[in-house]
Amino acid sequence: MRVKARLKNLAGRALAESMDVKTMVHFARRLIPNYDLHQRTGFPESVAIPNKDAAGQIVSDMIGEECFLEFVETLIDVGQRGMAGRKYRIPRLSAIISEILETGYVLDSESGRFVEDAGVRKTRNWGVLHEGESYVMAFLGVDIVGNSRLVREHGRHAVQPLYDQLRSRLQLCAERRNGRLWGWEGDGGIAAFAFTERNRRAVLAGMELLHELFMYNALYRPLDGGLKVRMTVHNGPCEYQSGGAPYNSDTVQRLWHIDHEYGKANVLTVTETVYATIEALIAEEFTLYQPEPNVALHQYWVGNGAGR
Amino acid sequence: MTITVCSDRPELLEYFQALDRSGSFSVEQLSVAGLDHGSFGELCMVYLDVAGFERAELRRLLHRLHSAEVRFAILDIERTVEDIAELFYLGACDYVDERVLSVGLSNARVRRALAFREGAEPAATDHPSSPAPREVQGPMDVDRLDWDTICDGSEYRFVMLYAGVDPITGKHRESTDRATHDSRTAFKDLVSRYVAPIGGRVYMWKEEEGILLFPYHEENTEPANSCFRMMLNKVILNADHLSRLAPVTWRLALHVGSTTYRSSGDTATVVSEAVNHLFHIGSGMPKDSFYVTGDALLLVPDGLRPFFVSEGSFEQSRMYKMYLPGS
């Protein structure tokens, strides 16, 4: 993220006016472990660093380490909840937040994190996830049923445009709910959802995609019996990788396992951990499916719950 | 369905190619002699080129087709038929001359022709005394209406959508009243935004219900698609835009009719039989339902038709209710 001079200045003044140098260092170490202010500023250990210089250095370092947004998030947190049992009044916080919002971010109310405003910019990591770090996320996996048979019977040229359509619809349904298409490989793909209400948004995206597929099959009648997909939503920790879909993540592997073992054509399967977090209005549309005594899944298909 | 173009002029088949390409119909050609001497058993819908027919000869052939219950339309490119009405007395379901062919035969026209014949069968007429839909002259003759060609104060044929939010019931009157008010506002906003990209506009709205208009043309299937989607996405729309706690449900009804166009808020003096009819339909509908009238059913794409089931007649319209698959 590119931080303008005005924003940098505001952040430095807010920090300088809200705490002493010792507290600032303690604060900085929340984000950069072993942060050494004297080493960074070049001031000898025996010389006290003026508040303004210390704050300016810390803000510059936060920008340099690409954790300026986390710095402001922590500042907001300290302003609201205090630090080490003490309360701090952080001046100019609303001006700092406004400046950040103007650069195309929104403040996620539940997690207290800045995330990309999907209406302004859509990047794979929402502008905030760091390479190699683990985050709890929800995933929507989509898998075309009988891909090999379809290719054999209709030819790659006939099925490819349909797959492309499905891919773009998955992307549309996910991005409409601030999800991101993290991978598509031939006959299926995966969309990721992070931050507030990630499970709910992944489920709604899956339901909408299922409805879109229903309409597509009814209106265009592709491939004789129509295009059939299995969809699964599962959540859990996952390491962010900028290079591709996290297929080696346990969460994603579990998702595909559920998809292959228990998924059904044109059915959205949701795992128990996801189901438990969605509101009753949506949950009522799902039917419990227990293929094995220790496996509880919930499934939705077009028309399930009709007439309830 | 197969359409048989019965003519000795192969060039006529060109006018039917669009129907063939649409996938809804398959088109074949048969010579006039082939029709006259063959069996009618396999025929579904015949477009008969009447060029060169003597009147008596044509009457005899039409009688035979009608007796065999073959649906047929007349192709009269040179406009040689003197008494066009007689063709319909003899069982024809459409009359196509050069002017019609020059703008092209649409799927919707063929479907209307088929429906016209079905509607003429005694068994299908629930209310023989019901008046036929009134044809309106003037600007409605424009083939493909869009909002750019619609003028304030003129009468047009529209695809009309009735949209009404169902009342919210609850134990506490105060909270119920507030929820009802909120849901009405949110629902009007939702419907307007939902149909705006496909040319839908709010025409009139009073509290919990209103009428929205779409420019009419014979192939405008978007309003029906959109309403179908709205019913399908009920839970999603509630979760995304309306209520997470008490689901808001709604009634939709699609009709084709004529009214004088006025911008929203300026419709107090509008008198329209179709609008009144649609409000009557809406007020009598069960909660959480989507109906189309017989005229609007012609604008429902083939793939969605199986989800509409005849529910008899209301006033002058045959009514069809949408059922979700599995229900």
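Residues numbered from 1 in each chain as written. Chains lettered and ligands numbered in written order. Predicted model: local features only at pLDDT ≥ 70, side-chain atom pairs only at ≥ 80, totals over all residues. Heavy atoms only, no water.

Asker: Quick question: what am I supposed to make of unusual backbone geometry here?
Answerer: Outside of glycine, negative phi angles account for most residues, and trans bonds account for most peptide bonds. Residue and element names in this part refer to chain A. Positive phi values are uncommon outside glycine, yet Arg 92 reaches one of about 65 degrees. Relative to the helices and strands, Arg 92 is located in the loop between helix H5 (68-81) and helix H6 (93-102). Residue Trp 126 is not a glycine yet carries a positive backbone phi of 60 degrees. Relative to the elements of secondary structure, Trp 126 occurs in the loop between strand S2 (113-116) and strand S3 (134-144). For Trp 126, a relative accessible area of 0% puts it in the buried group. (Helix = DSSP H or I, 4+ residues; strand = E, 2+ residues; numbered from the N terminus. Buried < 20%, exposed > 50% of the residue type's maximum accessible area, 1.4 Å probe, protein only.)

Asker: Would you take a moment to explain the pairing of strand S4 (residues 180-184) of chain A for this structure?
Answerer: On a regular strand, each side chain points to the face opposite its neighbour's, so the side chains alternate between the two faces of the sheet. All names here are of chain A. Burial runs high along S4: five of the five residues are buried. Note that S4 and strand S5 (residues 188-193) share four bridges and pair antiparallel. Its bridge partner lying in S5, Trp 184 is registered against Gly 189. Connecting S4 to the next strand, S5, in antiparallel fashion are three residues, including Gly 186 with a positive phi near 70 degrees. (Pairing = 2+ DSSP bridges.)

Asker: It is not clear to me how the interface of chain A and chain B should be interpreted in this structure. Could you clarify?
Answerer: Quoted interface sizes are often the accessible area lost when the parts come together. With 20 residues of chain A in contact, the opposing surface of chain B contributes 21 residues. Taking both sides of the interface into account, the surface hidden between chain A and chain B amounts to around 1,900 Å²; carbon and sulfur atoms contribute 66%. Counting across the interface, chain A meets chain B through two salt bridges. For the side of chain A that touches chain B, the elements supplying multiple residues, two or more each, are helix H9 (198-220) and helix H12 (280-283) of chain A. The element that contributes the greatest number of residues to the side of chain A that touches chain B is H9(A), accounting for 10 residues. (Contact = heavy atoms within 4.5 Å. Buried area = accessible area lost by both parts, 1.4 Å probe. Salt bridge = Lys/Arg side-chain N within 4 Å of Asp/Glu carboxyl O.)

Asker: Is there a simple way to think about the nonpolar core in this case?
Answerer: Taken as a class, soluble globular proteins show a tendency for nonpolar side chains to be buried jointly. If you look at the biggest cluster of nonpolar residues, it comprises 82 residues, and the most contacted ones within it are A:Leu140, A:Met207 and A:Leu268. One finds A:Cys67, A:Val115, A:Cys238 and A:Trp256 within the second-largest nonpolar core, a separate group that totals 56 residues. (Core = buried A, V, L, I, M, F, W, Y, C linked by side-chain atoms within 4.5 Å.)

Asker: Hey, could you run me through the packing of H9(A) against helix H9 (residues 234-241) of chain B in this one?
Answerer: Packed helices, taken two at a time, are described by the angle their axes make and the gap between the axes. Two elements in contact, H9(A) and H9(B), have axes separated by 10 Å at closest approach and are oriented at 145 degrees. Here H9(A) and H9(B) pass one another in a crossing that is left-handed. Touching A:Arg200, A:Leu204, A:Met207, A:Glu208 and A:His211 of H9(A) are B:Val235, B:Ile236, B:Ala239 and B:Asp240, all from H9(B). Here the contact of H9(A) with H9(B) is composed, by residue class, of five nonpolar, one polar and three charged. (Axes fitted to C-alpha atoms, helices over the stretch in contact; angles between N-to-C directions. Left-handed = near helix turned anticlockwise from the far one by under 90°. Nonpolar A, V, L, I, M, F, W, Y, C, P; charged D, E, K, R; others polar.)

Asker: Looking at this model, I keep getting lost on the packing of aromatic side chains. Mind explaining?
Answerer: Under the criterion given, the structure shown has 21 aromatic pairs over all chains. Here the aromatic rings of B:Phe187 and B:Trp205 are separated by 6.2 Å at their centres, their planes lie at 45 degrees, and the arrangement is tilted. With a gap of 18 residues between them, B:Phe187 in helix H7 (residues 173-195) and B:Trp205 in strand S7 (residues 201-206) connect regions that are remote in the sequence. On the accessibility criterion, B:Phe187 (0% relative accessible area) is buried. Within the aromatic cluster, the residues linked to one another by ring pairs are A:Trp126, A:Phe139, A:Trp182, A:Phe195 and A:Tyr240. Here the guanidinium or amino end of A:Lys264 rests over the ring plane of A:Tyr289, the centre of that ring lying 3.9 Å away. Residue placement shows B:Lys206 over the ring face of B:Phe279; its charged tip is 4.6 Å from the ring centre. (Phe/Tyr/Trp six-rings, centres within 6.5 Å; stacked < 30°, edge-to-face > 60°. Lys NZ or Arg CZ within 6 Å of the ring centre and 35° of its normal.)

Asker: Help me understand the sheet that holds strand S11 (residues 308-314) of chain B, please; the structure alone is not making it clear to me.
Answerer: Within a sheet, neighbouring strands are paired by backbone hydrogen bonds and run either parallel or antiparallel to one another. All names here are of chain B. Spatially, the seven strands line up as an open sheet ordered S7-S8-S6-S9-S10-S12-S11, and their pairing is mixed. What marks the edges here is a single partner per strand, and that holds for S7 and S11. On average, each strand axis in the sheet is tilted by 30 degrees relative to the strand beside it, whichever way the strands run. Lying over the sheet, helix H8 (residues 222-232) contacts strand S6 (155-165), strand S8 (209-215), strand S9 (250-260), strand S10 (289-293), S11 and strand S12 (317-322), oriented at roughly 160 degrees with respect to S9.

Worth remembering: the numbers are spatial, not functional.
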